[in-house]
Amino acid sequence: MKILKPILLASALAASILLSACGGSSSGNGPVGYQSVRIVAFNDVHGNLDPLDSKSTSVVPLSGVPAGVTVNTGGIAYMGAVVNNLRSAVPNSVVVAAGDNIGASPYTSNIAHDEPTVDILNQIGLEVSSVGNHEFDKGLTELKRIQGNGSGISTCYPASGNFGVVGVDTCLMAGKTFSGATWKYLAANVVNTATGQTIFPAAYVKKFPDANGVNGPTVGFIGLTFKDTPSEVNPTGVAGLTFGDEATAINNAAATLKSQGVNAVVVLIHQGGFTTSTVYGDTTCPGFNGDILPILANLSDNVDVVVSGHTHTDYICKKPVKSGKLVTVTQSGFYTKGVTAIDLSFDNTGAVSAVNGFNTPVINPATSYSATAPAYPNGITAVTPVASLVTAASNYKSLSATAGSAVVGYLTAQVNIQAPPPGCTTNNTCDSGSRNKTVETPMGDLSADSQLAAMQGAAVAKPGQISFIQSGGVRTNLASSNGAYPGPFTYSALFNTNPFHDTLVAVDMTGSQIKTVLEQQWEAPNNTAFYAPNGVGEILMPSAGFTYTWDSRQPAGQPRGQGNRVVASSMMLNGVPIVPTQVYRVVISTFLAAGGDNFPGFTAGTNPVQGGFDIDALVKYFASYNTSGTAYSPLPANRVTKLDQNGNACATGTWNGCGNP
Amino acid sequence: MVLIFFSCLTSADEAPKKILSPMLALSAKASLEGREKCQRLMHEDAVEFQKCASQWIAKLPAKTNEDRYFKLGASYYAWLSSTSALKNGMPKAEESAFYFLRIFRPLQKKLKVSDQDLCPTIEGDCTSRVARLLVMESELQSAGKKTVNSTGAVPSAN
């Protein structure tokens, strides 16, 4: 018993973090053989390493301040510190994740194929994780490389084009290696269609020691992602895979685990819900809703805890499974902004007797690892980051800057967006003075061409025919890195032209629907949302082959659906008139597909199939222009024709002084 | 070490449901409809959610009192969903929350519905929610802050 005492103290201390304010039963009071286990969980890290990789604040609770307090949150070195704090308070713990550890990552992790994130999560001690939809962004082969083969043998990103350079964008660990994740990916519902086998194990079992360091409780973990993952990732990334029903996969694996004698079953699932709480750390779960509910409703009694993700929020819920048994359902937030702790207690038969969960925000003292700490109210204290993780994150940031200097292609001349004309003030109407969004530009045309090319080819079941990109999606000129032409340009320069990291999607639209969208360029509210003194509207730039004319004699600012600036008979695809009733395959960003930038007409698109990221499309496009001798020449931006007040075509590049705005 | 006092909120699931007036029941119905239409779009940022909710709300009629209570519930839900996302630092959630605050708050006052009566139309802790609402309203009233553009258009993400 003399060994037990400090363990019980440790457990009581851990429990007091939750109980000091809320009351309730203590965890960790079981006999020696079944002392409590703490599960430390997070989800949807998405390669966020730096505190400024995403919006850097959260609203956290503070006694006496019912509205909560806004503080800086996130940063993987800070998250690592919170994980350490939660683990050090108890004798038995395990670190788990609910998917999307990688994928859709900010620049630092993205350019190095998420190896920085893998390295740092290894250091944090992540032990087991479900796959999420974004784990499939680059396909199964790449995901297997990320997982590693367990032998510690280094596998670098395969050399291709400007990527796969050891020590530059891959194999960045010590000794220029990449040995993969030390955590185990689980995929209970993801099956290789050809073999019928899951691509990763369905479950993982961890046996914890008792106070004497021998037989303690055994916890089984089941990992999976949501069934509809194929609808949200690049089709090539999930080719040959079948995503099965979530509840069926969980129940099958849970039954197996129980038959093997595990004491508790914990599900790690990349699917989640939402609540209506307005302060981080809520444990009352108001208004819980979302796609995880029907999954929960079909789970068996074998499940004790569900660690969820995907919906990028936080909650601690108790929800019924099929029999009515209440299970704890958690989510920690996203982008390293929070961590969940779930304390499992066991009775003297080894059965789960209590489950208590709480979320801890990752409060950082500043918006960068080196900035000065703000003054927080009494009662809120920022965490001190793990020094070794700060070093690692900073090193990877430096490496990414170097990798960003890699040459992607060559240009014969600078590819331009259109700068605002003189007199355009630096306010919202001129888009901070950086762009004129009312005219077709060579950089926009290039972007549209790359997006169309990315959704064509033999691997695409329904190849794209027309692509559009809004002028707001194209941010800056593309110039050679040495100022000479023909001259090379870098990955970072290309990234800055299309920095939104939007996913592409192909949809079916009729010719009539395409015209509706084109009219929305000048209809309210786009007619005044962005304008220059001599221009009106926000322009959609089409890919090569699609041409049309618009008539500036017709009024701008018409109510939605009543614009009449597009000359219907002028709409052509490769010289053939667009037929109003014919269906065309249109490639756009998911941002536009959702009606972004006041183009709701795109929401009419049907049969969506997602592709890869816009920046990847650009890089791929320049594979044909990657030497001085094959340098890309900017195109004249003459796919769209503007008619002046006399009905004559304005010369390319002179829209601002021609006809009505 | 993070030192946070986690207040114990009353569970809406456990608390007795407040009986809503027939008009506020319409508001509650609107919130559920909005949730069904748009909640899933609150994901990488609040942009798509805001587009979805704003387009839906813009199409709602406002001729009758019933219409107005429905629209109040719809816009109140959209504000709350955005504010809930804001607690997690969801990009663009703040802009979305202020956008819908500017829609529902005048309507609420026109209909003379108190915060205490409106709050129970959507499950949750009314103490923290109303307090957050008042904080945001105060910020909105601060000169030059949190404005949408002069056309009333949805601010652009790009």
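What you are looking at is a predicted structure, and each value in this text was computed from that prediction instead of being measured. (Residues numbered from 1 in each chain as written. Chains lettered and ligands numbered in written order. Predicted model: local features only at pLDDT ≥ 70, side-chain atom pairs only at ≥ 80, totals over all residues. Heavy atoms only, no water.)

Caption draft 1: Molecular detail of the sheet that holds strand E9 (residues 215–225) of chain A. Residues and elements named next belong to chain A. Strands sit in the order E8-E9-E11-E12-E14-E13 across an open sheet of six strands; the sheet is mixed. Looking at the sheet topology across the chains shown, the edges are occupied by strand E8 (203–209) and strand E13 (314–320). Direction aside, the axes of adjacent strands within the sheet are offset by 20° on average. When E9 meets strand E11 (residues 264–270), the two strands line up parallel, connected through seven bridges. In the strand pairing of E11, Ile 222 is matched with Val 267. Helix H6 (residues 246–259) rests against E8, E9 and E11 of the sheet, and its axis sits at about 160° to E9. (Pairing = 2+ DSSP bridges. Helix = DSSP H or I, 4+ residues; strand = E, 2+ residues; numbered from the N terminus. Axes fitted to C-alpha atoms, helices over the stretch in contact; angles between N-to-C directions. Contact = heavy atoms within 4.5 Å.)

Caption draft 2: Focus on the sheet that holds strand E4 (residues 93–97) of chain A. Residues and elements named next belong to chain A. The six strands lie next to each other as E6-E5-E4-E1-E15-E16, forming an open sheet whose pairing is mixed. Strand pairing shows two members of the sheet lacking a second neighbour, strand E6 (184–186) and strand E16 (352–361), which therefore form its edges. Strand-to-strand twist of the sheet, defined as the mean angle between neighbouring strand axes without regard to direction, takes the value 25°. Sheet analysis places strand E1 (residues 37–42) next to E4, joined by five bridges and oriented parallel. Opposite Val 40, over in E4, you have Val 95 as the bridge partner.

Caption draft 3: Geometry of unusual backbone geometry. All names here are of chain A. In this structure, Pro 486 follows Tyr 485 across a cis peptide bond, with omega equal to -5°. Inspection of the secondary structure assignment puts Pro 486 in the loop between strand E18 (466–470) and strand E19 (487–490). Here the amide bond leading from Ala 524 into Pro 525 is cis, since omega sits at 5°, within 30 degrees of zero. Within the secondary structure layout, Pro 525 lies in the loop between helix H11 (511–519) and helix H12 (526–529). The phi angle at Lys 176 is positive, at roughly 55°, despite the residue not being glycine. One can find Lys 176 in the loop between helix H5 (140–147) and E6.

Caption draft 4: The arrangement of the domain arrangement of chain A in detail. All names here are of chain A. Along its sequence, chain A is carved into domain 1 (4–392) and domain 2 (407–657). Each side of the interface is counted separately: domain 1 has 15 residues, and domain 2 has 14 residues. Of the roughly 1100 Å² buried where domain 1 meets domain 2, counting both sides, 61% is carbon and sulfur surface. The residue makeup of the side of domain 1 that touches domain 2, split by class, is six nonpolar, six polar and three charged. (Domains from an automatic or database assignment. Buried area = accessible area lost by both parts, 1.4 Å probe. Nonpolar A, V, L, I, M, F, W, Y, C, P; charged D, E, K, R; others polar.)

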